[in-house]
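A closer look at the structure
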Amino acid sequence: MAAIELRNLEKSYPLAGGRAWVLRNIGLDIADGEFVSVMGPSGAGKSSLLNVLGLMDHDWQGAYSLDGVAVEKLNPKQRQNLQRDKVGFIFQHYHLIDDLKVWENLDLPLQYRDVPARQRAAQVGGLLDRFNIVGKKDLYPNQLSGGQQQLVAVARAVITKPRLLLADEPTGALHSSQARSIMDLLHELHRDGMTIVQVTHNEDYATEAQRTVRLFDGWIDKTAL
């Protein structure tokens with residue numbers, strides 16, 4: 001079964017005398033449990049595609065099925081609920097909440113889902129242990145290294161057990177050893193059955209995925225498939 005199905009997906013902006021196209025006639029299937037890299041030069045449409053997949057951008061045309069749900073047929077509230085229940089995000093610059101401690105950053109997504117306090121504590125504790133950051137639980141993000149912040153960001157992204165994990169340049173702000181740790185963690189999550197789509201400029205890390213999709217001027221480069 002496909003976790004993601006895109007058919008004739010397009011996105012554009014109005015310009016004087018025409019339109020600026022960001023995504024053109026995108027057709028793409030990503031299987032349940034697949035690990036896919038998205039690559040392309042700046043302006044190719046990588047982040048735009050990720051924003052559509054993550055239900056952060058609704059201004060597009062075409063068909064998008066996420067876990068069997070036709071996204072284009074949903075109202076805004078339904079899309080918000082689908083995003084909350086099915087999608088996790090990892091960003092290049094972490095996007096942790098600075099005035100919350102590590103454990104509080106992990107706890108917050110569970111609060112949004114009305115998970116009982118005792119269950120939240122168990123899930124937070126389990127991920128702190130799994131990611132070897134128990135000793136950092138009472139620190140604030142600015143007290144952590146970049147690699148440690150990204151570990152917390154990954155933990156926060158997966159604590160709700162999303163169907164789809166989207167990673168936008170997850171290693172881009174890290175030095176090599178930290179980046180290697182994050183990639184190893186993504187592989188571990190993939191082995192556990194998670195569907196992962198990562199945008200990256202790193203050719204070596206891109207090839208570690210099962211498949212690479214290359215974009216150019218908003219189109220999927222068919223010659224690279």
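To keep things clear, this report deals only with the structure shown in the data block. Treat the numbers as computed from the prediction; the structure is a model and nothing was measured. (Residues numbered from 1 in each chain as written. Predicted model: local features only at pLDDT ≥ 70, side-chain atom pairs only at ≥ 80, totals over all residues. Heavy atoms only, no water.)

1. A closer look at unusual backbone geometry
- Positioned with a positive phi, N25 is a non-glycine residue whose angle comes to about 50 degrees.
- Mapped onto the fold, N25 is located in strand β2 (residues 18-31).
- Backbone geometry at L55 places phi at a positive 60 degrees, although glycine is not the residue there.
- Of note, L55 is situated in the loop between α1 (46-53) and β4 (61-66). (Helix = DSSP H or I, 4+ residues; strand = E, 2+ residues; numbered from the N terminus.)

2. Examining the side chain of S12
- Mapped onto the fold, S12 is located in strand β1 (residues 2-15).
- Of the residues examined, S12 reaches a relative accessible area of 5% and is grouped as buried.
- Within polar-contact distance, the side chain of S12 engages the side chain of R19 at 2.7 Å.
- If we skip the residues at most four places from it in the chain, S12 touches R19, A20, W21 and V22. (Buried < 20%, exposed > 50% of the residue type's maximum accessible area, 1.4 Å probe, protein only. Polar contact = N/O pair within 3.5 Å; in protein donor to acceptor, adjacent residues only side chain to side chain. Contact = heavy atoms within 4.5 Å.)

3. What about the environment of D221?
- As for its position among the elements, D221 is in the segment after β10 (219-220).
- Remark: the alpha-carbon pair of D221 and S47, spanning 174 residues in sequence, is separated by 16 Å.

4. Topic: the sheet that holds strand β5 (residues 69-70)
- In spatial order, the strands read β2-β1-β4-β5; together these 4 strands make up an open sheet with antiparallel pairing. One side of each edge strand has no neighbouring strand; the edge strands of this open sheet are β2 and β5.
- Across 10 bridges, the pairing between β1 and β2 is antiparallel. Note on β2: the bridge partner recorded for P14 is R19. (Pairing = 2+ DSSP bridges.)

5. Description of the packing of aromatic side chains
- Counted according to the given criterion, the structure contains 2 aromatic pairs.
- Ring geometry for F89 and F91: centres 5.9 Å apart, planes at 10 degrees, overall stacked.
- Across from the ring centre of W21, 4.0 Å away, lies the NZ or CZ of R24, which sits over that ring. (Phe/Tyr/Trp six-rings, centres within 6.5 Å; stacked < 30°, edge-to-face > 60°. Lys NZ or Arg CZ within 6 Å of the ring centre and 35° of its normal.)

6. Thoughts on the packing of helix α3 (residues 102-112) against helix α4 (residues 117-130)
- Interhelical geometry of α3 versus α4 gives an angle of 130 degrees and a closest axis separation of 10 Å. Put simply, α3 runs oblique to α4. α4 is crossed by α3, and the crossing has right-handed handedness. Judged by residue contacts, V102, W103, L106, D107, L110 and Q111 of α3 engage R120, Q123, V124 and L128 from α4. (Axes fitted to C-alpha atoms, helices over the stretch in contact; angles between N-to-C directions. Parallel < 35°, antiparallel > 145°, perpendicular 65-115°, else oblique. Left-handed = near helix turned anticlockwise from the far one by under 90°.)

7. What about the sheet that holds strand β6 (residues 87-90)?
- Spatially, 6 strands are ordered β6-β7-β8-β3-β9-β10 in an open sheet, and the strand pairing comes out mixed. One side of each edge strand has no neighbouring strand; the edge strands of this open sheet are β6 and β10.
- Along the sheet, α1 contacts β3 (35-39), β7 (164-168), β8 (195-199) and β9 (211-216); its crossing angle with β7, the most-contacted strand, is approximately 155 degrees.
- Sheet contacts for helix α6 (residues 176-191): β3, β6, β7 and β8; angle to β8, the most-contacted strand, approximately 150 degrees.

8. Notes on the pairing of β8
- Burial runs high along β8: 5 of the 5 residues are buried.
- Of the two faces of β8, both are covered, the one formed by T195, V197 and V199 as well as the one formed by I196 and Q198.
- Pairing geometry for β3 and β8, over 4 bridges, is parallel. Directly across from S37, in β8, lies its bridge partner Q198.
- Of the strand pairs in this sheet, β7 and β8 are connected by 5 bridges, and their pairing is parallel. Paired with L166 across the strands is V197, a residue of β8.
- Assessed by its sense of winding, the connection that carries the chain from β7 through α6 to β8 is right-handed. (Right-handed = clockwise from strand over helix to strand, strands pointing away.)

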